[in-house]
2 protein chains.
Amino acid sequence: MAKSKKKLKVIPLGGLGEIGKNITVFEYGQDIIVVDCGMAFPDDEMLGIDLVLPDTTYLAKNIERVKGIIVTHGHEDHIGGLPYLLKEVNVPVYGTRLSLGLLEYKLEEHGILSSCKLETVVQGQTLELGSFKVEFIRSTHSIADSIALAIHTPVGTVVHTSDFKVDYTPISGEPIDLLRFAELGKKGVLLLMCDSTNVERPGYTMSEKTVGETFEEIFMNAKSRILVATFASNIHRIQQVVNSAVKYGRKVVICGRSMINVSKKAMDLGYLNVPEGVLVDIERIKNFNQDELVIITTGSQGEPMSALARIAVGEHRQVEIIPGDLVIISATPIPGNEKSVYGVVNELFKKGAEVIYESLADIHVSGHACQEELKLMQRLIKPKYFMPVHGEYRHLKKHSNLAQNLGMNKDNIIIMEIGQILEINSESAAVTGTVPSGKVLVDGLGIGDVGNVVLRDRKHLSEDGLIIVVVTIQKESGNVITGPDIISRGFVYVRESEPFMDEVKQVCKEAVLKCEGRNWPSKKGAIKDTLREYIYQKTKRKPMILPILIEI
Amino acid sequence: MAKSKKKLKVIPLGGLGEIGKNITVFEYGQDIIVVDCGMAFPDDEMLGIDLVLPDTTYLAKNIERVKGIIVTHGHEDHIGGLPYLLKEVNVPVYGTRLSLGLLEYKLEEHGILSSCKLETVVQGQTLELGSFKVEFIRSTHSIADSIALAIHTPVGTVVHTSDFKVDYTPISGEPIDLLRFAELGKKGVLLLMCDSTNVERPGYTMSEKTVGETFEEIFMNAKSRILVATFASNIHRIQQVVNSAVKYGRKVVICGRSMINVSKKAMDLGYLNVPEGVLVDIERIKNFNQDELVIITTGSQGEPMSALARIAVGEHRQVEIIPGDLVIISATPIPGNEKSVYGVVNELFKKGAEVIYESLADIHVSGHACQEELKLMQRLIKPKYFMPVHGEYRHLKKHSNLAQNLGMNKDNIIIMEIGQILEINSESAAVTGTVPSGKVLVDGLGIGDVGNVVLRDRKHLSEDGLIIVVVTIQKESGNVITGPDIISRGFVYVRESEPFMDEVKQVCKEAVLKCEGRNWPSKKGAIKDTLREYIYQKTKRKPMILPILIEI
């Protein structure tokens, strides 16, 4: 019975209080398993940053205890961090075929595929990892082959839904396995960890099938060429475009690097079915009439380098907009992407295309459960404890309220922050400490070498630019030999502002003379202060000022 | 009859193909009048820019012909550019009392109020300006005292709706004067210029009154303190908060600089009515119970320096969140502001406040007409020609489609770009040329001194930072005396990357030696190229590289 006194530790390292970089650590005794390891996109403040990773130093420190990593589906915010984690913590990765198929690409790109151990599992299977029995439950989401988890531990069962929606009519495969959730609920679940993304939306998320019905209508009436932009990972969406294309005798052209890679992988694995002769290479579109073609492309978020964005501004090598083209943007702008998406829409309209986008028709459905589906999950699982996951604080809070409205005791709901340790068993659940956690910023090849100091400087430079003051000084006498010379970048357009820059130079000269004999730091300080003051008073701007003094 | 052969020129200088900085020029013979002169907010690419103005050089060049400027209402995107325009083109400004009242603040801030000629007009009045008879038609919008215009010219009447909604039950004053629009339509309107902001939204925009009903309910049930964040200029919204406060015995506290200024002005002018003793100074809130207070504050867009944002992060001097506080954010995030608004919401939740925001209740209505209202306007005015205004290209296009669906001839609809000249009379309407137009960027006190070069540098600096290489060289021999010394900002956190920065220095040394004897530009070029290549290959980053060579 000593065993049952031992507690399970649940440590979210990402995905709580934020959107993206989902990763959760489960720990019992000496055994550790990890669920997902995603990436996040940088905020506007993270200037020049390419992507954001979870801090996984805790796993690196305990590497010999980590039995394995489980991926629930193939989205970036669930697998995007793995190439970086596996370089440090190379343990087996378990996931369904498509999830691992998509992961393989990333590992290839990072040149570590051969050294990684990827183990395919199937929906319904149960896997034994140390003290954990991990059950892969059939689920539905905006990507095929996604799973939810029942993690059976000596102190009880944890159900982790990961991203899900309750789709009764998925495009391929079986619907979400509600019976199994009910069964688990019947037996008793210690802890439910549930997706909070859409907790603010009332009602149900529509089935992916409804989008297909809209496509049907559009294809039936379209006389011109059709372009459809969507997420490359949304195989089901792509399948439905293909289906409509086949039905109405159009050839399908795949456009955009990730769209080509993912659809190829999905076809190889049998998740995307395209009849013989329907696919046409993009180089050959000239050989067909407009009304014989549909182009499936990346760029549904208006990403500047994406195929659709380049098509819109007329910079795509093979595809250019022909007046009358019908463009369907089958996605919702992720908060922050609105401007770029609408920028693309405007350009497409200007080129004479007809554009159908989210605000105008049912051409997109979410992949996440709305309130009624979340209630269903609560009712089926009837957990003793509940931890809302995958959402900003407002989502977690609303999800907690939703559970309370279903009668759950407030004390049994735990809203956690990343890095916190939840210790839990059948008697109690409490946050008992923390482990290192946070954001690791990736800029080019640099991982974590861009910190707050660097970001602060970048922000400063981006807002008011830079002024460099160069002076050379005679070592013994301290007399000025050359300068002060002034170089500015990102401050004012110099040719137009020459008189002003001359004043600046003059002010600088005086400052230098004033501080003769002083020691170096104070010399630099004096120049900096005088200039900053003068420039602010004249321009209300605060450029970065870099005095460079050289002793000869 | 020669006269009727003369044509009217309509020249939009802002507000078409963009959101904001609305301004239109009307020209007949020698006479010019201007409608509105707004500002716009900078795009994400306009790093460090405070605000954006329309290019008004055309007006400055023709100053002696400008008879006057008409403002349709007091929003930033209609009056925000005036302080800058009036410094160059000081002509009389005509508007209703509240519009001019709000304008006065800006002119005061710019220290030019005394030199400006502001002429108050009333709804229904007609004004003669050269060959133009300008009629001020009672309208409804999200700010009080707004007007539409009927501009009577020798070649016909132009109706300019400016921003409007059809509100049958406005909070103060009469509803929009539909009868007058009908009358004008009956007589015959040459050109309709109509607000396109909400053309993508089906149905009707709800009346401002409906928001009041939601407030009623909330106030009736609230046991705690209430904070309401909204736009300072939305006097009607503020009035409704005050009404609910009075009804349920709460004192009203005004919080935030612009909220204090605007509400004071609105009270002075009689647009905002607050009974004796209801207003409480913010310094005195400690003297009241929580359920006796409602705080009306700025910050509904999550602006970092706004009162609500500072309250949320606990940095406001007088107001701090008390668990149980009810915060109502009575506004919709403007595209681009979502992240900052939700950031504030998350902070408020964390501090224990209950937060009601747009996605959750009817606490906000738009100030712009939806599709059914736009159709109504088309049917009432029955214009010969139609120019959709106030919107990005996609809005103008959709608005054109809407008019065509009502039977209007495509050839009579003109989608224009700013700077284009429309020449129009009863026989024809055509774009005949252009005038200078575009964006003038304001950064601190600098107007237009930040151009593309500067922005490009700021973007470059913001993404990968800066590396400065300093070398001093003996004039005659060309020998290196000091350096190369390397200074970096916003590139990598140097202490962590010292070994790498040493390599960089070494590479630099070699580059300098290699290019001995060469002329200066080529020396600099060589250093730049070598470094850029080396750094990119090592880091996949492209910092700005500034070689500084000094000859002694």
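Residues numbered from 1 in each chain as written. Chains lettered and ligands numbered in written order. Predicted model: local features only at pLDDT ≥ 70, side-chain atom pairs only at ≥ 80, totals over all residues. Heavy atoms only, no water.

## A closer look at the sheet that holds strand 24 (residues 480-489) of chain B
All names here are of chain B.
And step 1. The mixed open sheet is built from 3 strands, whose spatial order is 24-23-25. Edge positions in the sheet fall to strand 24 and strand 25 (544-551), since each has one partner strand and no second. Averaged over all pairs of adjacent strands, the angle between their axes in this sheet comes to 15°, without regard to strand direction.
And step 2. Here strand 23 (residues 466-473) pairs with strand 25 via 8 bridges, running parallel. Bridge pairing in strand 25 places Val469 opposite Pro547. (Pairing = 2+ DSSP bridges. Helix = DSSP H or I, 4+ residues; strand = E, 2+ residues; numbered from the N terminus. Axes fitted to C-alpha atoms, helices over the stretch in contact; angles between N-to-C directions.)

## Looking at the interface of chain A and chain B
You'll often see interface size given as the accessible area lost when the parts meet.
And step 1. Residue-level contacts link 65 residues of chain A with 65 residues of chain B.
And step 2. Between chain A and chain B, a total of about 5,300 Å² is buried, with carbon and sulfur atoms accounting for 61% of that surface.
And step 3. The interface formed by chain A and chain B includes 6 salt bridges.
And step 4. Across the pair Glu354 of chain A and Lys398 of chain B runs a salt bridge whose closest N-O atoms are separated by 3.8 Å.
And step 5. Where chain A meets chain B, there are 13 residue pairs in polar contact (both at pLDDT 80 or more).
And step 6. Those elements that place two or more of their residues in the side of chain A that touches chain B are helix 11 (338-350), strand 17 (354-356), helix 13 (393-405), helix 14 (452-464), strand 23 (466-473), strand 24 (480-489), helix 16 (520-539) and strand 25 (544-551) of chain A.
And step 7. With 8 residues, helix 14 of chain A is the single largest residue contributor to the side of chain A that touches chain B. (Contact = heavy atoms within 4.5 Å. Buried area = accessible area lost by both parts, 1.4 Å probe. Salt bridge = Lys/Arg side-chain N within 4 Å of Asp/Glu carboxyl O. Polar contact = N/O pair within 3.5 Å; in protein donor to acceptor, adjacent residues only side chain to side chain.)

## Observations regarding the UniProt feature "domain: Metallo-beta-lactamase" (unreviewed entry) in chain A
And step 1. The UniProt record annotates "domain: Metallo-beta-lactamase" (unreviewed entry) at residues 20-215 of chain A.
And step 2. Taken end to end, residues 20-215 of chain A is 24% helix and 28% strand, and its first and last C-alpha atoms sit 30 Å apart. (UniProt positions renumbered as here; feature names shortened; annotations may be inferred.)

## What to know about the relation of the copies chain A and chain B
And step 1. Each copy of the sequence occupies a distinct position, and chain A is placed on chain B by a rotation of 180° and an axial shift of 0.0 Å, giving an RMSD of 0.0 Å. What the rotation and shift describe, once combined, is the action of a two-fold rotation axis. Residues of chain A ranked by C-alpha distance from the rotation axis are headed by Ser462 of chain A, positioned 2.4 Å from it.
And step 2. Looking at chain A, 100% of its interface residues are interface residues in chain B too, so the copies touch through the same face. (Least-squares fit on C-alpha atoms with pLDDT ≥ 70 in both.)

## Some details on the sheet that holds strand 16 (residues 326-329) of chain B
Residue and element names in this part refer to chain B.
And step 1. Ordered by their spatial adjacency, 5 strands build an open sheet running 14-15-13-16-17, and the pairing between neighbours is parallel. Lying at the two open borders of the sheet, with one neighbouring strand each, are strand 14 (251-255) and strand 17 (354-357). Between one strand axis and the next, the sheet turns through 20° on average, direction left out of account.
And step 2. Pairing between strand 14 and strand 15 (residues 293-297): 5 bridges, direction parallel. The residue of strand 15 that forms the bridge with Cys255 is Thr297.
And step 3. Packing of helix 7 (residues 208-221) onto the sheet brings it into contact with strand 13 (226-229), strand 15, strand 16 and strand 17, and relative to strand 16 it is tilted by some 175°.

## Section: the packing of aromatic side chains
And step 1. For the structure on display, the rule yields 8 aromatic pairs over all chains.
And step 2. Ring geometry for Phe491 of chain B and Phe500 of chain B: centres 6.2 Å apart, planes at 40°, overall tilted. Of the two residues examined, Phe491 of chain B and Phe500 of chain B, each falls in the buried class.
And step 3. Each residue in the set Phe491, Phe500 and Tyr534 of chain A is aromatic and connected to the rest through ring pairs, giving one cluster.
And step 4. Its guanidinium or amino end placed over the ring of Tyr536 of chain B, Lys540 of chain B lies 5.0 Å from that ring's centre, counting from NZ or CZ.
And step 5. Cation over ring: Arg541 of chain B sits above Phe491 of chain B, and NZ or CZ is 5.9 Å from the ring centre. (Phe/Tyr/Trp six-rings, centres within 6.5 Å; stacked < 30°, edge-to-face > 60°. Buried < 20%, exposed > 50% of the residue type's maximum accessible area, 1.4 Å probe, protein only. Lys NZ or Arg CZ within 6 Å of the ring centre and 35° of its normal.)

## Comments concerning the domain arrangement of chain A
All names here are of chain A.
And step 1. What the domain assignment reports for chain A is domain 1 (8-203 + 366-443), domain 2 (209-360) and domain 3 (452-551).
And step 2. Computed over C-alpha atoms only, the centres of domain 1 and domain 2 are separated by 31 Å.
And step 3. Taken together, the 16 residues of domain 1 in the interface contact 14 residues of domain 2.
And step 4. Here domain 1 meets domain 2 over a buried area of about 1,500 Å², counting both sides, of which 59% is carbon and sulfur. (Domains from an automatic or database assignment.)

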